[in-house]
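Survey of secondary and tertiary structure
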There are 2 protein chains.
Amino acid sequence: MARLLLISNSTVHQRGYLDHVEDELHDFLESPARVVFVPFALYDRNRYAAQVAARLAKVGYEMTSVHDFSNPQRAIMEADAVFVGGGNTFRLLKGLYEWNLLESIRQTVMAGMPYIGSSAGSIVACPTLKTTKDMPVVQPPSFDALGLVRFQISPHYLDPDPLSTHMGESQEQRILQYLEENEAPVVGLREGGFLRVEGESICLKGSAGARVFRRGHQPVEVSPGASLEGLLAFHAVEALAS
Amino acid sequence: MARLLLISNSTVHQRGYLDHVEDELHDFLESPARVVFVPFALYDRNRYAAQVAARLAKVGYEMTSVHDFSNPQRAIMEADAVFVGGGNTFRLLKGLYEWNLLESIRQTVMAGMPYIGSSAGSIVACPTLKTTKDMPVVQPPSFDALGLVRFQISPHYLDPDPLSTHMGESQEQRILQYLEENEAPVVGLREGGFLRVEGESICLKGSAGARVFRRGHQPVEVSPGASLEGLLAFHAVEALAS
């Protein structure tokens with residue numbers, strides 16, 4: 001059974017790194033535990049890994065970074081959990097391809113190893129990176145990502161500002177463009193929110209609601225505590241409709 | 001000599017489509033003229049082309065859309081100017097590849113045919129699409145674009161909001177990530193601004209300043225009327241420094 005904790009953002013305004021999910025993290029993954037970190041979303045991997053290791057040590061997790069191993073696939077398979085950090089989604093996915101890690105992460109997580117993702121790390125758990133807001137600063141060989149879940153996440157979801165005079169598209173307009181071209185539903189995950197996935201169950205948690213976008217439907221607001229597996233089971237819905 | 005009019009955005013707040021560049025457009029391209037339009041950035045090409053044709057007809061240009069031709073390469077070569085409209089940059093670039101238009105546009109523009117680009121249409125005039133803020137809703141075969149100029153544009157440039165509690169990256173932070181991975185300088189083109197390129201000359205015009213980002217330098221503010229060819233001649237600067 002796949003178990004995932006998919007976080008919109010690692011740092012909430014005026015709080016420290018991962019502070020807002022510390023309780024949830026402990027509930028999701030018993031300490032002590034050995035966590036393997038994927039640092040590819042930021043340019044300086046050593047610095048990023050050191051910062052996250054220090055933070056996780058405080059809550060009882062021993063962290064090693066996948067880029068420090070000569071056999072990174074084995075590092076994934078031998079860990080108690082994997083944590084994929086945020087940053088630039090294109091850089092992260094390109095790194096996963098270059099290090100040949102997609103298949104080992106997919107197999108290990110589908111076999112039950114807990115997956116923790118934050119921001120870009122939450123997006124790459126989805127079928128593709130197509131709902132990122134990041135700049136495409138590097139080109140990965142494919143937009144296909146881990147596909148650990150069957151929906152897309154759009155993290156750092158920002159509601160349109162009714163007072164704005166800016167003419168660039170809002171995040172909602174961009175997601176609607178995504179749905180012009182793609183089938184998988186999208187969870188617009190506001191800052192402070194996160195999804196806890198336990199097999200077929202998908203629960204929205206945290207301090208913020210989310211907005212769910214599905215092809216051919218009006219967007220739906222959901223509140224923390226809501227179960228999303230019904231809304232997001234688009235294959236079942238499509239099958240019924242046809 | 002390449003001639004380009006590269007617009008940050010087609011519609012300024014509380015004005016109509018292209019209203020803010022109408023005078024400049026007339027100065028750039030004498031009417032009457034036959035303009036060939038590239039509609040690939042929006043999903044509904046027929047509707048997009050009809051809207052733009054109606055607008056351009058009012059100012060004396062006869063517009064046809066490249067997607068209506070059985071020989072679109074020839075349509076490009078026989079027009080007086082090409083206009084590449086805004087929308088989603090990934091969709092636009094994918095369309096240019098699918099319709100096999102990159103080389104004919106490149107050759108024709110480098111031979112002197114005026115190029116007008118708006119938003120996504122301005123980005124694809126650059127070496128790559130790597131400075132777009134759009135969602136990667138479809139995957140083009142490559143991020144390489146037309147390369148009509150040697151710098152990048154980041155349109156709809158928005159300054160960081162000092163009062164924001166949002167933790168997602170600002171456009172400036174995203175551009176700095178681009179420069180961690182890439183060499184070409186970036187013009188953050190605010191709404192209302194546009195660039196007029198005449199061979200080696202690059203002039204910022206319109207109602208808004210721009211912010212120029214170069215690897216290894218502090219960002220520089222430039223005002224309408226400024227000549228940017230010195231700032232953007234990064235090959236020359238790199239050569240001198242080495």
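Everything below is about the structure shown above.
Quick summary incoming for the structure in this document. (Residues numbered from 1 in each chain as written. Chains lettered and ligands numbered in written order. Predicted model: local features only at pLDDT ≥ 70, side-chain atom pairs only at ≥ 80, totals over all residues. Heavy atoms only, no water.)

Focus on the overall build of chain A
Looking only at helices and strands, chain A has nine helices and 11 strands in total. For chain A, the C-alpha radius of gyration of 17 Å lies close to 18 Å, the compact-globule estimate for 242 residues. With respect to the three principal axes, the spread of C-alpha positions in chain A is 45 × 40 × 35 Å. Split into buried and exposed, the 242 residues of chain A put 57% on the buried side. (Helix = DSSP H or I, 4+ residues; strand = E, 2+ residues; numbered from the N terminus. Rg over C-alpha atoms; globule rule 2.2 N^0.38 Å. Buried < 20%, exposed > 50% of the residue type's maximum accessible area, 1.4 Å probe, protein only.)

What about the relation of the copies chain B and chain A?
Two chain copies, one operation linking them: a rotation about an axis together with a shift along it. After a rotation of 180° and a shift along the axis of 0.0 Å, chain B superposes on chain A with an RMSD of 0.0 Å. This pairing of chains is accounted for by a two-fold axis. Residue Lys133 of chain B of chain B places its C-alpha closer to the rotation axis than any other residue of that unit, at 3.2 Å. Of the residues that chain B buries at the interface, 100% are likewise interface residues in chain A, meaning the two copies contact each other through the same surface. (Least-squares fit on C-alpha atoms with pLDDT ≥ 70 in both. Contact = heavy atoms within 4.5 Å.)

A closer look at helix α7 (residues 171-181) of chain B
Within the sequence span of α7 of chain B, burial applies to Gln171, Glu172, Arg174, Ile175, Gln177, Tyr178 and Leu179 of chain B. Against the buried residues of α7 of chain B lie α4 (89-98) of chain A together with β6 (152-157), β7 (186-190) and β10 (210-213) of chain B.

A look at the interface of chain B and chain A
With 41 residues of chain B in contact, the opposing surface of chain A contributes 42 residues. Taken over both partners, the interface formed by chain B and chain A buries close to 3600 Å², and the fraction arising from carbon and sulfur atoms is 57%. Our count for the contact surface shared by chain B and chain A stands at six salt bridges. When the shortest N-O distance is used, the salt bridge between Glu180 of chain B and Arg91 of chain A registers 2.9 Å. Contributions of two or more residues to the side of chain B that touches chain A are made by α4 (89-98), β6 and α7 of chain B. Looking at the side of chain B that touches chain A element by element, the count peaks at seven residues for α7 of chain B. In the side of chain B that touches chain A, the residues fall into 15 nonpolar, 17 polar and nine charged. (Buried area = accessible area lost by both parts, 1.4 Å probe. Salt bridge = Lys/Arg side-chain N within 4 Å of Asp/Glu carboxyl O. Nonpolar A, V, L, I, M, F, W, Y, C, P; charged D, E, K, R; others polar.)

Considering the pattern of salt bridges
Opposite charge on two side chains permits pairing when their charged atoms draw close. Here the structure, examined in full by the defined rule, presents 42 salt bridges over all chains. With its nearest N and O atoms 3.8 Å apart, the salt bridge here joins Glu169 of chain B to Arg174 of chain B. A relative accessible area of 22% means that Glu169 of chain B is categorised as partly exposed. Judged by relative accessible area, Arg174 of chain B falls into the buried class, the value being 8%. Sharing partners across several salt bridges, the network here consists of Arg3, Glu24, Asp27, Arg196, Glu198 and Lys205 of chain A.

Keep in mind that these numbers describe shape and distance, not what the molecule does.
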